[in-house]
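# Structural overview for review
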Amino acid sequence: MSKKQPAAESSAKSPASPAPGEAAHKANLNDTVNLHVEHAARLIGMREEIYNILMHPKNEIIVNFPVRMDDGSYRMFKGYRVQHNNILGPYKGGIRYHQDVTLDECKGLAAAMTWKSALHDIPFGGGKGGIKFDPLKHSRDELERITRRFTHALAGSIGPEYDIPAPDMGTNAQTMNWLMDTYMNIAGALDKNAMRRVVTGKSVACGGSLGREAATGQGVVHCLVEWAKDHRFELQGKTVAIQGFGNVGSWTAKILSQLGVSLVATGDYKGYIANPEGLNPHKLADHVKKTGSVFDYKHGTPISRDDFFAIECDIFVPAALEHEISAKEARSLKAKVVAEGANGPTLPDGDDVLRERGIDVLPDILANAGGVTVSYYEWLQNKRSERWEAQEVAERLERSMKKTYALMRDFAEERKVDFRLAAYAIGLERIQKAYLERGIWP
Ligand code: NAD
């Protein structure tokens, strides 16, 4: 930065092992993201006034709302929407349903969306939101009422040209359809159809894009393919371990299996399983659809969380919660590359260990951007009343992910920094340029 900034916080600590399925490390995600920003800001010599703007979200919204439960009782819920930055376009980012959602988590995730969109040159800003509750403990009818009531509470703060939510952990296309329908019904009749793009990640029947459901996993795989080419690493015959088997984890596993990469271990909120001969990701995904978890899949052997992180594999993909890889897990990993499907899965001390051990990290803001990229395509299709064919979506996504990967790799090589620092620096540079050319009003 051009003027002196506060010293970087020391790396977050590595606490004791959590129980299976428990969130690993309770460090603050916003601090982790801001630490990456601080390092990148120093690297590019960011102006202090711009840095100070970017260290704070523009808006932090908290709503409390009642919802009727199936038994007739009413329960209060707390929801969040953080709008980090919109200099490059409307706020954009997922809605998370999870019992551990906090304002700070949403702040970190919203900021990460700003850097992700900027890195990939998508004309969106960064936002994120969520409701603090466990969706697994609610019926479909309750989930619908919770989503509609939350949308109503947020309706004045989101909009198709202002803030555009999408699915994240604990939410899916069905949640987005309810959000869209509620918002469209609040809008006046004349504007109704223009409101469809208030949210992305909808089902195809409701205006979603072909290819959106698989997009994040597909993007992770595009990055791995590019990394493998650079490292003369033949993917055929290699093995992968994936933490989390929801949208991102399951699609990453299915697409990697088409390239001959076999899934040897996975796990979720209930626990972990392994099979050195390979788990069939399609059958496993069907099992998860029926039972909600991978844990009692009959072709896998239950293993502990510690054994999962120490499993023999070539590729490791975190696709669950943030802060799962501290120094301890990083020391156990056997993989040669970590491709971050999840947002913020690696703690700073985990990064340090992976760097020392020569394990490459394809950082979240690079690797998991397939989702926001195809969300952008969905938004464009809605805006233009178009339907793109699956092949067109797939080709555009592939071009975009590969272009950004090459940009990040070249920057990292030129400046002799790791991929994460390079990715953040490219995003920050784009945003700084916009501020410098527009000026800071008034
Ligand atoms: P999801 O809800 O579909 O799946 C989450 C998975 O994580 C499930 O298998 C769940 O059981 C597992 N999990 C939950 N708690 C866990 C715990 N304590 N230990 C181990 N596993 C646990 O969510 P998703 O959409 O696949 O999102 C996963 C990650 O990817 C999140 O970090 C999300 O922010 C990120 N992400 C998602 C998208 C997207 O398009 N869905 C895009 C970019 C990034």
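Thresholds, definitions, all that
- Residues numbered from 1 in each chain as written.
- Predicted model: local features only at pLDDT ≥ 70, side-chain atom pairs only at ≥ 80, totals over all residues.
- Heavy atoms only, no water.
- Helix = DSSP H or I, 4+ residues; strand = E, 2+ residues; numbered from the N terminus.
- Rg over C-alpha atoms; globule rule 2.2 N^0.38 Å.
- Areas by Shrake-Rupley, 256 points an atom, 1.4 Å probe, with all protein chains shown as cover.
- Lys, Arg positive; Asp, Glu negative; His and termini not counted.
- Charge placed at Lys NZ, Arg CZ, Asp CG, Glu CD.
- Pairing = 2+ DSSP bridges.
- Axes fitted to C-alpha atoms, helices over the stretch in contact; angles between N-to-C directions.
- Domains from an automatic or database assignment.
- Contact = heavy atoms within 4.5 Å.
- Buried area = accessible area lost by both parts, 1.4 Å probe.
- Salt bridge = Lys/Arg side-chain N within 4 Å of Asp/Glu carboxyl O.
- Phe/Tyr/Trp six-rings, centres within 6.5 Å; stacked < 30°, edge-to-face > 60°.
- Lys NZ or Arg CZ within 6 Å of the ring centre and 35° of its normal.

## Structural notes on the overall build of the chain
For the chain, the helix and strand inventory stands at 15 helices and 12 strands. Here the chain has a C-alpha radius of gyration of 21 Å; the compact-globule value for 442 residues is 22 Å, and the two agree. Only carbon and sulfur atoms are counted for the fraction: they give 51% of the accessible area of the chain, which is about 18,400 Å². The average position of the 57 basic charges and that of the 56 acidic charges among the side chains of the chain differ by 3 Å.

## Things to note about the sheet that holds strand β11 (residues 337–339)
Taken in spatial order, the 7 strands of this open sheet run β9-β8-β7-β6-β10-β11-β12, and their pairing is mixed. Of all strands in the sheet, those with a lone pairing partner are β9 (301–303) and β12 (360–362), marking the two edges. Across the sheet, the mean angle from the axis of one strand to that of its neighbour is 20°, orientation sign disregarded. Sheet analysis places strand β8 (residues 271–279) next to β9, joined by 3 bridges and oriented antiparallel. Residue pairing for β9: Ile273 is matched across the bridge by Pro302.

## Some remarks on the domain arrangement of the chain
When its domains are assigned, the chain resolves into domain 1 (56–189) and domain 2 (215–367). The C-alpha-based centres of domain 1 and domain 2 are spaced at 27 Å. In this complex, domain 1 contributes 13 residues to the contact, which on the side of domain 2 involves 8 residues. Between domain 1 and domain 2 the total buried area reaches about 850 Å² when both faces are included, carbon and sulfur atoms providing 61% of it. For the domain 1 face of the interface with domain 2, the top three residues by lost area are Lys116, Leu136 and Met169, together amounting to 38%. For the interface between domain 1 and domain 2, the tally reads 1 salt bridge. In this structure, Glu322 and Arg96 form a salt bridge, with 3.0 Å as the shortest nitrogen-oxygen distance. Secondary structure elements with two or more residues in the side of domain 1 that touches domain 2: β3 (91–98) and α3 (103–119). The element best represented in the side of domain 1 that touches domain 2 is α3, accounting for 6 residues.

## Some points on the packing of aromatic side chains
Here a ring pair, both rings aromatic, is described through the centre-centre distance and the interplanar angle of the planes. Evaluated as defined, the whole model comprises 16 aromatic pairs. Seen in terms of ring centroids, Phe65 and Phe77 are 6.0 Å apart; in terms of plane orientation they differ by 20°. Their pairing is stacked. Here Phe65 is found in strand β1 (residues 59–68), whereas its partner Phe77 is found in strand β2 (residues 74–85), with 12 residues between them in sequence. These aromatic residues form a ring-pair network of at least three members: Phe65, Phe77, Tyr97, Phe133 and Phe150. In this structure, Lys238 packs its charged tip against the face of Phe233, placed 4.8 Å from the ring centre. In this structure, Arg396 is placed above the aromatic ring of Tyr377, and the distance from its NZ or CZ to the ring centre is 5.9 Å.

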